[in-house]
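Secondary and tertiary structure notes
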Amino acid sequence: MDPEIKALVIIPTYNERAALPIITPEILALRPDIGLLIVDDNSPDGTGQVAASLCEQFPGRMWVLHRQEKSGLGSAYLQGFRWAIQNIERVEYLLQMDADRSHDPAAIPSLIEAAASADLVIGSRYINGVRILDWPMERLLLSHISNTVTRKLIGLPLTDCTSGFKCFRRETIKKILAREINARSYDFQVAVNTLCHWLNLTITEVPITFHNRSQGISKLTRSDVIRAASLIFKLGFMRFLPRSIRVAGHKSY
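Here's a quick rundown of the structure. (Residues numbered from 1 in each chain as written. Predicted model: local features only at pLDDT ≥ 70, side-chain atom pairs only at ≥ 80, totals over all residues. Heavy atoms only, no water.)

Moving on: the sheet that holds strand 4 (residues 93-96). Strand order in the open sheet formed by seven strands is 3-2-1-4-7-5-8, with mixed pairing between adjacent strands. Both edges of this open sheet fall to strand 3 (62-66) and strand 8 (203-207), since each of them pairs with a single strand only. Averaged over all pairs of adjacent strands, the angle between their axes in this sheet comes to 20°, without regard to strand direction. Here five bridges tie strand 5 (residues 120-124) to strand 8, and the two strands are oriented parallel to one another. Within strand 8, the residue paired with serine 124 across the bridge is proline 207. Strands strand 1 (7-13), strand 2 (34-40) and strand 3 of the sheet are contacted by helix 1 (residues 20-28), whose axis makes an angle of about 155° with strand 2. (Pairing = 2+ DSSP bridges. Helix = DSSP H or I, 4+ residues; strand = E, 2+ residues; numbered from the N terminus. Axes fitted to C-alpha atoms, helices over the stretch in contact; angles between N-to-C directions. Contact = heavy atoms within 4.5 Å.)

Pasting the structure below:
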């Protein structure tokens, strides 16, 4: 492994064949100490093979984990986090983002910079105003309502509780992995933010502009929405329990 990789971007993929050749060079051109890890869930469209080919173009800076089946966003991130901690000794920052360019790679350096003084940095679509382009109104309303409800019920001091564009310090990831969060889909974002908040870690937000995906189709399903809503209400109840019990209850969310 390249000992000079200080920041690793982790991207879970499922049928993102067209997006990877576009976003990969954009990310790796930002800084020479940034690496990229793709966690592919055996995509039927051959995304894993495309990722493997790109790894040959960027040796020592790009890797791919091939999973046997579609096992969920949260488990993909957790597996990617574990791999990074075990294989890149000097990595200081781990980032998560989507492959479809809804998250602009140009924002990565600002997230890393903010993580120098924070345990978790969230790329916020709502801080200092709404920065979401080309979303249908119903999707925007759903996001706004879910963020408002999450913030009120759980007490998270965030403008964007559900953002998937984040940067973690290495030690933060170790604390997350020690608790093995069970949330496996989009509810993973809320679960991680809540755990970090309950652990009294420093969380900060930086503004990003979110673009509607330009490649592929959304993976969000009705069951994902129901699962996330269920978790939010569960965490809202746990909020009133003693902190030691809340943190120890990580296996239930």
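Okay, back to it.
Quick look at the packing of helix 3 (residues 73-87) against helix 6 (residues 170-177) now. Where helix 3 contacts helix 6, the two axes come as close as 10 Å, and the packing angle between them is 125°. Considered as vectors, helix 3 and helix 6 are oriented oblique to each other. For the crossing formed where helix 3 meets helix 6, the hand is left-handed. Between helix 3 and helix 6, the residues in contact are Leu78, Phe81, Arg82 and Ile85 and Arg170, Ile173, Lys174, Ile176 and Leu177, respectively. Across the contact of helix 3 with helix 6, the residue classes tally to six nonpolar, no polar and three charged. (Parallel < 35°, antiparallel > 145°, perpendicular 65-115°, else oblique. Left-handed = near helix turned anticlockwise from the far one by under 90°. Nonpolar A, V, L, I, M, F, W, Y, C, P; charged D, E, K, R; others polar.)

Before going further, it helps to spend a moment on the side chain of arginine 170. Assignment of secondary structure puts arginine 170 in helix 6. Put simply, arginine 170 is tucked away with no salt bridge, and the nearest opposite charge, on glutamate 171, sits 4.8 Å away. Discounting residues that sit within four places of it in the chain, arginine 170 has contacts with Ile85, Ile88, Glu89, Arg90, Val91, Glu92 and Leu94. (Buried < 20%, exposed > 50% of the residue type's maximum accessible area, 1.4 Å probe, protein only. Lys, Arg positive; Asp, Glu negative; His and termini not counted. Salt bridge = Lys/Arg side-chain N within 4 Å of Asp/Glu carboxyl O.)

A few words on the pattern of salt bridges. Per the counting criterion, the structure on display carries seven salt bridges. Residue arginine 67 pairs with aspartate 41 through a salt bridge whose shortest N-O separation is 2.5 Å. Highlighted residues: arginine 67 in the loop between strand 3 and helix 3 and aspartate 41 in the loop between strand 2 and helix 2 (47-57), separated in sequence by 26 residues. Relative accessible area serves as the criterion here: at 9%, arginine 67 is assigned to the buried category. The partner of aspartate 104 in a salt bridge is arginine 101, with the nearest N and O atoms 4.0 Å apart. Take aspartate 104: its relative accessible area is 28%, and that puts it in the partly exposed class. Each of Glu26, Arg101 and Asp104 takes part in salt bridges that share partners, so that together they form one network.

As a further point, take helix 1. Listed as buried for helix 1 are Leu20, Ile23, Thr24, Ile27 and Leu28. Buried residues in helix 1, looked at end-on, bunch into an arc of 120°, giving them a common side. In this structure, the buried residues of helix 1 make contact with strand 1, strand 2, helix 2, strand 3 and helix 4 (108-114). (Arc of directions from axis to C-beta.)

Okay, the environment of aspartate 104 next. Here aspartate 104 is to be found in the loop between strand 4 and helix 4. Among the polar contacts made by the side chain of aspartate 104, one reaches the main-chain amide nitrogen of alanine 106 at a distance of 3.0 Å. (Polar contact = N/O pair within 3.5 Å; in protein donor to acceptor, adjacent residues only side chain to side chain.)

Taking 1.5 Å of rise per residue, the 15 residues of helix 3 would be expected to cover 21 Å, and the 21 Å separating its terminal C-alpha atoms lies within 8% of that figure. Among the 15 residues in helix 3, eleven count as buried, and that is most of the element. Residues of helix 3 that are buried: Leu73, Gly74, Ser75, Ala76, Tyr77, Leu78, Gly80, Phe81, Trp83, Ala84 and Ile85. (Expected span 1.5 Å × (residues − 1).)

Counting buried positions along strand 3 yields four of five residues, so the element is predominantly enclosed. Here strand 2 runs beside strand 3; their pairing, made up of five bridges, is parallel. Considered in strand 3, the bridge of valine 39 is made with leucine 65. Once you follow strand 2 into helix 2 and on to strand 3, the crossover reads as right-handed. (Right-handed = clockwise from strand over helix to strand, strands pointing away.)

This part is about the packing of helix 1 against helix 2. Close contact between helix 1 and helix 2 brings their axes to 10 Å; oriented N to C, the two are set at 35°. The handedness of the crossing between helix 1 and helix 2 is right-handed. Counted together, Leu20, Pro21 and Thr24 of helix 1 and Thr47, Val50, Ala51 and Leu54 of helix 2 form the full contact between these two elements. Across the contact of helix 1 with helix 2, the residue classes tally to five nonpolar, two polar and no charged.

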